[in-house]
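Here is what each chain is made of, one letter per residue.
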Amino acid sequence: LGNALAQIAFEKAGIIKKNGTIFCGEVRPNIKKVFMKEAIKNNAALFFIHPPFENIINAEHGEHQQHNASLAIAAAKEINIKDNAIEQTLDNLKRLPCRFETMQQSPQIILDGAHSPAKIAATVKKIKELKKPIHLIFGCAANKDAPQMLKQLIPHVDKVTTTRFQMGMRKAAVPSELLKVAPKAKRAGSLLDHSEALDHAKKQSK
């Protein structure tokens, strides 16, 4: 949607309709202004929903999902969904796939689809909770801020293997270039095929 946050916010704000009601989870003042401008232009009611001070859903869903839940609650109340229905839904949430999802136990393999520095920060918190050696397999789209994401991850992992996804619609970052971000002591290799990267990491894991 763009290379700058304000540009991305402007594109997202394109969903605002005339005389509509908007609930927005943005907390950065300069980005909030983008949504405010579009809301005024469309005579729309805009409500900023900040992260809750305490967990409103099970902590295992992660900190970022607490904020998402508070947004969902605000929207549900706006369309008159009953409190008991909201509570029942929140009590029976299922974890989203690819969000720090355990795929197998021996060795433990966790799949995470975080694709921005902000989302990686949430992933790092979960990694720190594991308190065990971590072999990171990393790949991302070419237009993502890979160096910043890797700089957050690398201090909390023991080995790094880089790879790429294989699909025609988006360009992947070059694995050998990604690996250069890691210190030499942590570099385990770069492989073009993601399944080979997984096999490579599994062979080195207990």
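It should be noted that the structure appears before, not after, this text.
Residues numbered from 1 in each chain as written. Predicted model: local features only at pLDDT ≥ 70, side-chain atom pairs only at ≥ 80, totals over all residues. Heavy atoms only, no water.

(A) Just the state of the cysteines, in detail. Following the criterion strictly, the structure yields zero disulfides and no others. For the unlinked cysteine cysteine 98, the closest cysteine sulfur is that of cysteine 140, found at 16 Å. (Disulfide = S-S within 2.5 Å.)

(B) Highlighting the nonpolar core. Residues Leu136, Phe138, Cys140, Leu153, Val160 and Leu178 are the most contacted members of the largest nonpolar core, which totals 20 residues. Sorting the residues of this core by element identifies α5 (117-130), β5 (135-138), α6 (146-153) and α7 (175-179) as the ones contributing at least two each. Broken down by element, the residue count for this core peaks at four residues, all from α6. (Core = buried A, V, L, I, M, F, W, Y, C linked by side-chain atoms within 4.5 Å. Buried < 20%, exposed > 50% of the residue type's maximum accessible area, 1.4 Å probe, protein only. Helix = DSSP H or I, 4+ residues; strand = E, 2+ residues; numbered from the N terminus.)

(C) Representation of α6. Among all positions in α6, only Ala146, Met149, Leu150 and Leu153 are buried. All buried residues of α6 fall inside an arc of 95 degrees around its axis, so they share one side. Buried positions along α6 lie against α5, β5 and α7. Capping of α6 at its N-terminal end is provided by aspartate 145; its side-chain oxygen lies 3.3 Å from the backbone amide nitrogen of glutamine 148. (Arc of directions from axis to C-beta. Contact = heavy atoms within 4.5 Å. Polar contact = N/O pair within 3.5 Å; in protein donor to acceptor, adjacent residues only side chain to side chain.)

(D) Representation of the packing of aromatic side chains in the model. Taken as a whole and assessed by the stated rule, the structure comprises one aromatic pair. Ring geometry for phenylalanine 23 against phenylalanine 47: centres 5.4 Å apart, planes inclined by 20 degrees, an arrangement best described as stacked. Separated by 24 residues along the polypeptide, phenylalanine 23 in strand β1 (residues 21-24) and phenylalanine 47 in strand β2 (residues 45-48) bring together distant segments of the chain. The positively charged end of lysine 32 is found above the aromatic ring belonging to phenylalanine 48, 4.7 Å away from the centroid. (Phe/Tyr/Trp six-rings, centres within 6.5 Å; stacked < 30°, edge-to-face > 60°. Lys NZ or Arg CZ within 6 Å of the ring centre and 35° of its normal.)

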